[in-house]
Amino acid sequence: MQSVAVIGSGKIGYAILNAIKCNFNVIATGRREETINKVKSLGIEGTKDNDYAVRKADVVILSVKPQHFSTVLTQVNKESWKGKTVISVMAGIKSSTLSSLLPQTEVYRAMPNINALVNKATTAVAEREGENKEIVEKIFRSIGSVYWIPEELIDVWTALIGSGPAFIAEILDAFALGAVACGMPRDLAYDSILDMVNGTIEMLRSNKSHPVILRDQVTTPAGTTIRGLMTMESEGVKSAIIKTVEASYQRSITIGNEIDKKFRM
Ligand SMILES: NC(=O)c1ccc[n+]([C@@H]2O[C@H](COP(=O)([O-])OP(=O)(O)OC[C@H]3O[C@@H](n4cnc5c(N)ncnc54)[C@H](OP(=O)(O)O)[C@@H]3O)[C@@H](O)[C@H]2O)c1
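Along each chain, numbering runs from 1 in the same order as the chain's sequence is written. Reporting of local features is limited, given that this is a predicted model, to residues whose pLDDT is at least 70; pairs of side-chain atoms are given and counted only at 80 or more, and all residues count toward the totals for whole chains, interfaces and linings. The side-chain quantities take in all heavy atoms of the structure and omit both hydrogens and water.

Peer 1: So what about the pairing of strand E2 (residues 25-29)? Which residues, and what values?
Peer 2: Of all five residues that make up E2, four are buried, and the element is covered over most of its length. Any two strands between which DSSP finds at least two bridges are classified as paired. Helix and strand definitions here come from DSSP, where helices need a minimum of 4 consecutive H or I residues and strands a minimum of 2 consecutive E residues; each element is numbered from the N-terminal end. Where strand E1 (residues 3-7) lies against E2, five bridges are found, and the strand directions are parallel. From the neighbouring strand, Ala5 faces E2, where its bridge partner is Ile27. Crossovers are marked right-handed if the path from the first strand over the helix to the second runs clockwise, as seen with the strands pointing away from the viewer. For the crossover from E1 across helix H1 (residues 11-20) to E2, the handedness is right-handed. Traced from E2 through helix H2 (residues 33-40) to strand E3 (residues 45-47), the parallel crossover comes out right-handed. In this scheme, a residue with accessible area under 20% of its type's maximum is buried, one over 50% is exposed, and one in between is partly exposed, where area comes from a 1.4 Å probe on protein chains only.

And the structure:
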(Lines give C-alpha, C1' and ligand atoms only; values in the text may rest on other atoms or scores of the structure.)
Protein backbone atom coordinates (compact mmCIF):
# COMPACT_ATOMS: atom_id res chain seq x y z
CA MET A 1 0.00 0.00 0.00
CA GLN A 2 1.37 3.45 -0.87
CA SER A 3 1.94 6.03 1.84
CA VAL A 4 0.48 9.51 1.75
CA ALA A 5 1.50 12.42 3.99
CA VAL A 6 -1.04 15.19 4.43
CA ILE A 7 0.80 18.34 5.46
CA GLY A 8 -1.82 20.55 7.13
CA SER A 9 -4.90 18.77 8.47
CA GLY A 10 -7.40 21.62 8.37
CA LYS A 11 -10.73 21.60 6.54
CA ILE A 12 -9.44 20.32 3.18
CA GLY A 13 -6.56 18.21 4.53
CA TYR A 14 -8.82 16.49 7.07
CA ALA A 15 -11.50 15.76 4.45
CA ILE A 16 -8.86 14.18 2.20
CA LEU A 17 -7.21 12.08 4.88
CA ASN A 18 -10.57 10.90 6.18
CA ALA A 19 -11.55 9.80 2.66
CA ILE A 20 -8.31 8.03 1.77
CA LYS A 21 -7.44 6.44 5.12
CA CYS A 22 -8.66 2.96 4.09
CA ASN A 23 -6.82 2.87 0.76
CA PHE A 24 -3.43 4.29 1.73
CA ASN A 25 -1.07 4.35 4.69
CA VAL A 26 -1.72 7.89 5.84
CA ILE A 27 0.29 10.19 8.07
CA ALA A 28 -0.92 13.71 8.78
CA THR A 29 0.55 16.84 10.30
CA GLY A 30 -0.64 20.01 12.00
CA ARG A 31 0.67 22.71 14.32
CA ARG A 32 -1.60 22.39 17.32
CA GLU A 33 -2.13 19.47 19.71
CA GLU A 34 -5.86 19.72 19.03
CA THR A 35 -5.28 19.09 15.30
CA ILE A 36 -3.03 16.11 15.98
CA ASN A 37 -5.59 14.60 18.37
CA LYS A 38 -8.35 15.00 15.78
CA VAL A 39 -6.19 13.13 13.25
CA LYS A 40 -5.37 10.40 15.77
CA SER A 41 -9.05 9.93 16.58
CA LEU A 42 -9.43 8.67 12.98
CA GLY A 43 -6.85 5.98 13.72
CA ILE A 44 -4.23 7.82 11.64
CA GLU A 45 -0.67 8.64 12.67
CA GLY A 46 -0.48 12.34 13.51
CA THR A 47 2.66 14.41 14.09
CA LYS A 48 3.94 17.98 14.18
CA ASP A 49 7.13 16.82 12.45
CA ASN A 50 6.70 17.67 8.75
CA ASP A 51 10.15 16.33 7.82
CA TYR A 52 9.36 12.92 9.34
CA ALA A 53 5.99 12.80 7.56
CA VAL A 54 7.49 13.69 4.17
CA ARG A 55 10.28 11.12 4.58
CA LYS A 56 7.73 8.39 5.37
CA ALA A 57 5.54 9.06 2.33
CA ASP A 58 5.47 8.28 -1.38
CA VAL A 59 2.93 11.03 -1.99
CA VAL A 60 2.84 14.36 -0.13
CA ILE A 61 -0.30 16.50 -0.11
CA LEU A 62 0.34 20.16 0.71
CA SER A 63 -2.80 21.52 2.33
CA VAL A 64 -1.55 24.39 4.49
CA LYS A 65 -2.61 27.96 3.71
CA PRO A 66 -0.32 29.42 1.01
CA GLN A 67 1.17 31.92 3.51
CA HIS A 68 2.29 28.99 5.71
CA PHE A 69 4.05 27.11 2.93
CA SER A 70 7.36 28.97 3.46
CA THR A 71 7.44 27.65 7.05
CA VAL A 72 6.88 24.09 5.77
CA LEU A 73 9.80 24.60 3.39
CA THR A 74 12.06 25.54 6.27
CA GLN A 75 10.84 22.56 8.36
CA VAL A 76 11.47 19.87 5.74
CA ASN A 77 15.00 18.89 4.79
CA LYS A 78 15.66 19.39 1.04
CA GLU A 79 16.79 15.77 0.76
CA SER A 80 13.51 14.48 2.19
CA TRP A 81 11.51 15.68 -0.85
CA LYS A 82 13.57 13.67 -3.33
CA GLY A 83 11.53 11.29 -5.52
CA LYS A 84 8.18 12.23 -3.97
CA THR A 85 4.94 12.90 -5.79
CA VAL A 86 3.77 16.25 -4.42
CA ILE A 87 0.16 17.39 -4.71
CA SER A 88 -0.61 20.98 -3.78
CA VAL A 89 -4.14 22.17 -3.09
CA MET A 90 -2.78 25.58 -2.04
CA ALA A 91 -4.50 28.43 -3.85
CA GLY A 92 -2.36 30.69 -6.01
CA ILE A 93 0.99 28.90 -6.13
CA LYS A 94 1.72 27.88 -9.72
CA SER A 95 3.04 24.43 -10.72
CA SER A 96 6.23 25.93 -12.18
CA THR A 97 6.95 27.72 -8.88
CA LEU A 98 6.34 24.54 -6.86
CA SER A 99 8.56 22.52 -9.20
CA SER A 100 11.39 25.00 -8.87
CA LEU A 101 11.06 25.03 -5.06
CA LEU A 102 10.84 21.22 -4.91
CA PRO A 103 13.25 19.86 -7.50
CA GLN A 104 13.33 16.09 -8.05
CA THR A 105 9.63 15.79 -7.25
CA GLU A 106 6.64 15.23 -9.52
CA VAL A 107 4.34 18.15 -8.73
CA TYR A 108 0.58 18.29 -9.28
CA ARG A 109 -1.50 21.40 -8.65
CA ALA A 110 -5.10 20.76 -7.68
CA MET A 111 -8.07 22.88 -6.65
CA PRO A 112 -10.86 21.11 -4.73
CA ASN A 113 -13.72 22.88 -2.97
CA ILE A 114 -15.31 22.86 0.47
CA ASN A 115 -17.77 20.13 -0.57
CA ALA A 116 -14.86 17.78 0.17
CA LEU A 117 -16.26 17.76 3.73
CA VAL A 118 -19.13 15.55 2.48
CA ASN A 119 -17.11 13.74 -0.22
CA LYS A 120 -18.78 15.82 -2.93
CA ALA A 121 -15.85 18.01 -3.93
CA THR A 122 -15.37 19.07 -7.52
CA THR A 123 -11.61 19.07 -8.02
CA ALA A 124 -9.53 20.39 -10.89
CA VAL A 125 -6.02 19.09 -11.43
CA ALA A 126 -3.71 21.00 -13.76
CA GLU A 127 -2.89 18.82 -16.76
CA ARG A 128 0.67 17.57 -17.06
CA GLU A 129 2.65 14.59 -18.27
CA GLY A 130 3.56 12.39 -15.32
CA GLU A 131 3.99 8.88 -14.03
CA ASN A 132 1.66 9.26 -11.08
CA LYS A 133 -1.50 10.72 -12.58
CA GLU A 134 -3.48 7.61 -11.62
CA ILE A 135 -2.73 7.97 -7.93
CA VAL A 136 -3.62 11.68 -8.03
CA GLU A 137 -6.92 10.80 -9.73
CA LYS A 138 -7.60 8.09 -7.10
CA ILE A 139 -7.00 10.49 -4.19
CA PHE A 140 -9.34 13.19 -5.50
CA ARG A 141 -11.98 10.68 -6.69
CA SER A 142 -12.27 9.61 -3.06
CA ILE A 143 -13.59 13.11 -2.18
CA GLY A 144 -15.73 13.69 -5.29
CA SER A 145 -15.35 14.32 -9.01
CA VAL A 146 -12.10 15.15 -10.83
CA TYR A 147 -11.43 17.27 -13.92
CA TRP A 148 -8.01 17.54 -15.56
CA ILE A 149 -7.83 21.06 -16.95
CA PRO A 150 -5.17 23.35 -18.45
CA GLU A 151 -3.50 25.31 -15.63
CA GLU A 152 -4.55 28.59 -17.29
CA LEU A 153 -8.16 27.73 -16.31
CA ILE A 154 -7.39 27.38 -12.60
CA ASP A 155 -8.36 31.01 -11.87
CA VAL A 156 -11.79 30.71 -13.44
CA TRP A 157 -12.12 27.34 -11.69
CA THR A 158 -11.32 28.98 -8.36
CA ALA A 159 -13.98 31.64 -9.01
CA LEU A 160 -16.66 29.25 -10.24
CA ILE A 161 -16.07 26.00 -8.36
CA GLY A 162 -13.99 27.16 -5.38
CA SER A 163 -16.20 30.15 -4.48
CA GLY A 164 -19.30 28.60 -6.06
CA PRO A 165 -20.64 26.94 -2.88
CA ALA A 166 -20.76 30.38 -1.20
CA PHE A 167 -22.60 31.91 -4.17
CA ILE A 168 -25.11 29.07 -4.27
CA ALA A 169 -25.63 29.32 -0.48
CA GLU A 170 -26.33 33.04 -0.87
CA ILE A 171 -28.86 32.42 -3.65
CA LEU A 172 -30.59 29.67 -1.64
CA ASP A 173 -30.82 32.02 1.33
CA ALA A 174 -32.50 34.61 -0.91
CA PHE A 175 -35.05 31.97 -2.02
CA ALA A 176 -35.74 31.12 1.61
CA LEU A 177 -36.21 34.79 2.52
CA GLY A 178 -38.63 35.11 -0.39
CA ALA A 179 -40.61 32.17 0.97
CA VAL A 180 -40.57 33.68 4.47
CA ALA A 181 -41.83 36.97 3.00
CA CYS A 182 -44.80 35.00 1.63
CA GLY A 183 -45.50 33.42 5.03
CA MET A 184 -43.69 30.06 4.81
CA PRO A 185 -41.92 28.91 8.02
CA ARG A 186 -38.14 29.22 7.64
CA ASP A 187 -37.29 25.54 8.32
CA LEU A 188 -39.83 24.31 5.81
CA ALA A 189 -38.44 26.79 3.28
CA TYR A 190 -34.81 25.65 3.70
CA ASP A 191 -35.64 21.92 3.59
CA SER A 192 -37.92 22.13 0.60
CA ILE A 193 -35.54 24.40 -1.33
CA LEU A 194 -32.74 21.84 -0.96
CA ASP A 195 -35.03 19.06 -2.24
CA MET A 196 -36.18 21.24 -5.13
CA VAL A 197 -32.58 22.05 -6.08
CA ASN A 198 -31.56 18.36 -5.87
CA GLY A 199 -34.48 17.41 -8.11
CA THR A 200 -33.66 20.16 -10.60
CA ILE A 201 -30.06 18.96 -10.78
CA GLU A 202 -31.26 15.38 -11.39
CA MET A 203 -33.52 16.65 -14.19
CA LEU A 204 -30.70 18.58 -15.83
CA ARG A 205 -28.31 15.65 -15.53
CA SER A 206 -30.74 13.08 -16.88
CA ASN A 207 -31.93 15.24 -19.79
CA LYS A 208 -28.38 16.35 -20.65
CA SER A 209 -30.02 19.37 -22.24
CA HIS A 210 -29.43 23.09 -21.88
CA PRO A 211 -31.03 24.63 -18.74
CA VAL A 212 -33.28 26.89 -20.84
CA ILE A 213 -35.12 23.78 -22.10
CA LEU A 214 -36.11 22.89 -18.53
CA ARG A 215 -36.99 26.53 -17.90
CA ASP A 216 -39.34 26.57 -20.90
CA GLN A 217 -40.98 23.30 -19.80
CA VAL A 218 -41.96 24.95 -16.51
CA THR A 219 -43.00 28.27 -17.99
CA THR A 220 -46.73 28.08 -18.75
CA PRO A 221 -48.12 30.96 -20.83
CA ALA A 222 -49.54 33.63 -18.50
CA GLY A 223 -48.61 31.44 -15.50
CA THR A 224 -46.69 32.05 -12.30
CA THR A 225 -43.18 31.22 -13.56
CA ILE A 226 -43.14 33.80 -16.35
CA ARG A 227 -43.99 36.51 -13.79
CA GLY A 228 -41.04 35.43 -11.67
CA LEU A 229 -38.75 35.26 -14.69
CA MET A 230 -39.82 38.76 -15.77
CA THR A 231 -38.87 40.03 -12.31
CA MET A 232 -35.50 38.24 -12.45
CA GLU A 233 -34.90 39.87 -15.84
CA SER A 234 -35.89 43.39 -14.76
CA GLU A 235 -33.81 43.08 -11.55
CA GLY A 236 -30.75 41.98 -13.55
CA VAL A 237 -30.29 38.65 -11.73
CA LYS A 238 -28.61 36.83 -14.63
CA SER A 239 -26.31 39.74 -15.38
CA ALA A 240 -25.43 40.03 -11.66
CA ILE A 241 -24.43 36.35 -11.54
CA ILE A 242 -22.29 36.63 -14.67
CA LYS A 243 -20.56 39.66 -13.14
CA THR A 244 -20.16 37.82 -9.80
CA VAL A 245 -18.12 35.06 -11.44
CA GLU A 246 -16.10 37.57 -13.46
CA ALA A 247 -15.27 39.68 -10.38
CA SER A 248 -14.25 36.60 -8.42
CA TYR A 249 -12.09 35.46 -11.36
CA GLN A 250 -10.28 38.82 -11.51
CA ARG A 251 -9.62 38.63 -7.77
CA SER A 252 -8.28 35.08 -8.12
CA ILE A 253 -5.79 36.31 -10.74
CA THR A 254 -4.67 39.20 -8.51
CA ILE A 255 -4.29 37.08 -5.36
CA GLY A 256 -2.63 34.24 -7.31
CA ASN A 257 -0.04 36.64 -8.77
CA GLU A 258 0.65 38.16 -5.33
CA ILE A 259 1.07 34.76 -3.65
CA ASP A 260 3.10 33.23 -6.45
CA LYS A 261 5.46 36.25 -6.65
CA LYS A 262 6.46 35.71 -3.00
CA PHE A 263 7.67 32.20 -3.79
CA ARG A 264 9.28 32.82 -7.17
CA MET A 265 13.03 32.68 -7.04
N1 LIG B 1 -11.28 25.95 2.21
C2 LIG B 1 -11.53 25.85 0.91
O3 LIG B 1 -12.68 25.98 0.45
C4 LIG B 1 -10.40 25.55 -0.04
C5 LIG B 1 -10.71 25.16 -1.37
C6 LIG B 1 -9.66 24.85 -2.23
C7 LIG B 1 -8.35 24.94 -1.82
N8 LIG B 1 -8.08 25.35 -0.55
C9 LIG B 1 -6.69 25.43 -0.14
O10 LIG B 1 -6.46 24.39 0.77
C11 LIG B 1 -5.47 24.81 1.72
C12 LIG B 1 -6.00 24.54 3.11
O13 LIG B 1 -7.18 25.29 3.29
P14 LIG B 1 -8.14 24.99 4.54
O15 LIG B 1 -9.40 25.75 4.27
O16 LIG B 1 -8.17 23.55 4.79
O17 LIG B 1 -7.30 25.74 5.68
P18 LIG B 1 -7.30 25.46 7.26
O19 LIG B 1 -8.59 24.83 7.67
O20 LIG B 1 -6.86 26.72 7.90
O21 LIG B 1 -6.16 24.34 7.44
C22 LIG B 1 -4.81 24.62 7.34
C23 LIG B 1 -4.10 23.61 8.21
O24 LIG B 1 -2.70 23.79 8.03
C25 LIG B 1 -2.09 23.51 9.28
N26 LIG B 1 -0.74 24.11 9.29
C27 LIG B 1 -0.37 25.41 9.19
N28 LIG B 1 0.97 25.51 9.22
C29 LIG B 1 1.45 24.26 9.34
C30 LIG B 1 2.76 23.71 9.42
N31 LIG B 1 3.85 24.47 9.36
N32 LIG B 1 2.86 22.37 9.53
C33 LIG B 1 1.78 21.56 9.58
N34 LIG B 1 0.52 22.02 9.49
C35 LIG B 1 0.36 23.36 9.39
C36 LIG B 1 -3.01 24.08 10.30
O37 LIG B 1 -2.72 23.44 11.51
P38 LIG B 1 -3.41 23.83 12.90
O39 LIG B 1 -4.87 23.48 12.73
O40 LIG B 1 -2.76 22.90 13.89
O41 LIG B 1 -3.18 25.27 13.13
C42 LIG B 1 -4.38 23.74 9.70
O43 LIG B 1 -4.82 22.49 10.20
C44 LIG B 1 -5.18 26.28 1.45
O45 LIG B 1 -3.95 26.43 0.81
C46 LIG B 1 -6.31 26.73 0.55
O47 LIG B 1 -5.86 27.68 -0.40
C48 LIG B 1 -9.07 25.62 0.36
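Peer 1: Explain the packing of helix H8 (residues 164-181) against helix H9 (residues 186-207) residue by residue, including any values.
Peer 2: Orientation is described by lines fitted to C-alpha atoms, with helices fitted over the stretch in contact, and by angles between N-to-C directions that extend from 0 to 180 degrees. Orientation of H8 relative to H9, taken along the N-to-C sense of each, is 130°, at an axis distance of 9 Å. In terms of orientation, H8 and H9 fall into the oblique class. Where H8 crosses over H9, the two elements pack in a sense that is right-handed. Here Leu172, Asp173, Phe175, Ala176, Leu177, Ala179 and Val180 of H8 lie close against H9, whose contacting residues are Arg186, Ala189, Tyr190, Ile193, Leu194 and Val197. Per-class residue counts for the contact of H8 with H9 are 11 nonpolar, no polar and two charged. Roughly parallel means an angle under 35 degrees; roughly antiparallel means over 145; roughly perpendicular covers 65 to 115; every other angle is labelled oblique. A crossing counts as left-handed when the near helix is turned anticlockwise from the far one by less than a right angle, and as right-handed when that turn is clockwise. It only takes one pair of heavy atoms within 4.5 Å for two residues to be counted as in contact. Classification used: nonpolar for Ala, Val, Leu, Ile, Met, Phe, Trp, Tyr, Cys and Pro, charged for Asp, Glu, Lys and Arg, polar for all others including Gly.

Peer 1: Please provide a residue-by-residue account of the nonpolar core, values included.
Peer 2: The criterion is simple. A nonpolar core is a set of buried Ala, Val, Leu, Ile, Met, Phe, Trp, Tyr and Cys residues joined through side-chain atoms within 4.5 Å. Residues Val4, Ile16, Leu17, Ile87, Ile139 and Phe140 are the most contacted members of the largest nonpolar core, which totals 29 residues. The leading source of residues in this core is H1, at six residues. Setting aside residues no more than four positions away along its own chain, Leu17 makes contact with Val6, Ser9, Val26, Ala28, Val39, Leu42 and Ile44. Counting 22 residues, the second-largest nonpolar core is a separate cluster that includes Ile7, Ala57, Val60 and Val86.

Peer 1: Can you lay out the sheet that holds E1 for me, pointing to particular residues and giving the numbers?
Peer 2: Ordered by their spatial adjacency, eight strands build an open sheet running E3-E2-E1-E4-E5-E6-E7-E8, and the pairing between neighbours is mixed. Only two strands of the sheet have a single partner each, and these edge strands are E3 and strand E8 (144-149). Strand-to-strand, the axes of this sheet are offset by a mean angle of 25°, without reference to chain direction. Taken together, the three bridges between E2 and E3 define a ladder with parallel strand orientation. The partner of Thr29 across the bridge, within E3, is Thr47. Across the sheet, H2 touches E2 and E3, and the angle it forms with E3 is around 170°.

Peer 1: Explain the environment of Gly92 to me, and be specific about the residues and the numbers.
Peer 2: Tracing the chain through its elements places Gly92 in the loop between strand E5 (85-88) and helix H5 (95-101). Residue class for Gly92 comes out buried when judged on its relative accessible area of 10%. Separated by 163 residues in the primary sequence, Gly92 and Ile255 have C-alpha atoms spaced 6.7 Å apart. Not counting residues up to four positions away in its chain, the partners in contact with Gly92 are Arg109, Gly256, Ile259 and Asp260.

Peer 1: Residue-level account of the pattern of salt bridges, with values.
Peer 2: Basic side-chain nitrogens of Lys or Arg form a salt bridge, by our definition, when they fall within 4 Å of a carboxyl oxygen of Asp or Glu. Under the defined criterion, the tally for this structure stands at nine salt bridges. Close ionic contact of Glu79 with Lys82 constitutes a salt bridge, the shortest N to O distance being 3.3 Å. Classification of Glu79 as exposed rests on a relative accessible area of 52%. Glu137 is the salt-bridge partner of Arg141, the closest N and O atoms lying 3.0 Å from each other. Here Arg141 and its partner Glu137 are both found in helix H6 (residues 133-141), four residues apart, which amounts to about one turn of the helix.

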